[in-house]
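# A closer look at the structure
Read off the chains here:
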Amino acid sequence: MAFLKWLHDLEIPSAYALLAPTPLALACLILFVWSIGPAIRLKVGRPMVWWLRLTWVLTLIPAVTGVILALGGGKVASAVAAANGVTKYGFAPDPKRNLEHWMYAALVLLSLYAIEVLIQGKLIRPQAGLRILPVATLFLYGVAYMVGRVAVFPGSGG
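Reference entry: report on the structure contained in this document. No experiment lies behind these values; they were computed from the predicted model shown. (Residues numbered from 1 in each chain as written. Predicted model: local features only at pLDDT ≥ 70, side-chain atom pairs only at ≥ 80, totals over all residues. Heavy atoms only, no water.)

## Details of the pattern of salt bridges
All told, the structure shown has four salt bridges when counted by the stated rule. For the salt bridge of Asp-9 with Lys-5, the shortest nitrogen-to-oxygen distance reads 3.2 Å. Its relative accessible area of 43% is what places Lys-5 among the partly exposed residues. The residue Glu-100 makes a salt bridge to Arg-97 at a minimum N-O spacing of 2.8 Å. Here Glu-100 pairs with Arg-97, and both are found in helix H4 (residues 96–120), just three residues apart, close to one helical turn. Three or more residues joined by partner-sharing salt bridges are found here, namely Lys-5, Asp-9 and Lys-88. (Salt bridge = Lys/Arg side-chain N within 4 Å of Asp/Glu carboxyl O. Buried < 20%, exposed > 50% of the residue type's maximum accessible area, 1.4 Å probe, protein only. Helix = DSSP H or I, 4+ residues; strand = E, 2+ residues; numbered from the N terminus.)

Right, here's the structure in full:
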């Protein structure tokens, strides 16, 4: 269980953590920057598709470990008090953050699926889908960032 918790809580411990606190957020940020090219050229290269698949893996690893930890009774760190009535990060616990963490994780999965649909051109014309690809990947980055943010920081109200 300790290994699963470590794997689920993996973060980037550097000054860049403000921009991409987790490997998933970093992969989504790179995907966003990469999506600008296909939006201009109207063509997706195989390396970007590979990076999208890697982003899926970086999403599914914490998702699966999170479900396993939740089934074992675990909650997000910002929702429970660790010691002296504060979370392990030193903030007041906010139980609503647990549900928010799940919501943002679900939005990451939905966003990745929508990006797959845009790239493949199954629902709308490929040219139109690739034009809005940067918007979809920016949204993906935003929700991936928020997955990590709500795990650490409490909300605005108790």
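The discussion continues.
## Here's the deal with the packing of aromatic side chains
To describe a pair of aromatic rings, one takes the distance between the centres and the angle between the planes. This structure, assessed with the given rule, holds four aromatic pairs. Seen from their ring centres, Tyr-141 and Tyr-145 are 6.3 Å apart, and the 50° between their planes marks the pair as tilted. Linking Tyr-141 with Tyr-145, this pair stays in helix H6 (residues 133–152), spanning four residues, or about one helical turn. Its relative accessible area of 14% is what places Tyr-141 among the buried residues. (Phe/Tyr/Trp six-rings, centres within 6.5 Å; stacked < 30°, edge-to-face > 60°.)

## Some points on helix H2 (residues 23–41)
With 19 residues, H2 ought to run about 27 Å at 1.5 Å a step, and its terminal C-alpha atoms sit 28 Å apart, in line with that. All of the buried residues in H2 are Leu-24, Ala-25, Ala-27, Cys-28, Leu-29, Leu-31, Ser-35, Pro-38 and Ala-39. The elements touched by buried residues of H2 are helix H3 (46–71), H4, helix H5 (126–131) and H6. Two residues or fewer after H2 comes Leu-42, characterised by a positive phi angle close to 60°. (Expected span 1.5 Å × (residues − 1). Contact = heavy atoms within 4.5 Å.)

## Structural notes on the nonpolar core
Of all hydrophobic cores here, the largest spans 23 residues; its most connected members are Leu-52, Val-108, Ile-115, Leu-133 and Leu-140. Taken together, the elements giving at least two residues each to this core come down to H2, H3, H4 and H6. The greatest single-element share of this core, amounting to eight residues, is contributed by H6. The contacts of Val-108, once residues within four sequence positions are left out, are Leu-24, Thr-59, Leu-140, Val-143, Ala-144 and Val-147. (Core = buried A, V, L, I, M, F, W, Y, C linked by side-chain atoms within 4.5 Å.)

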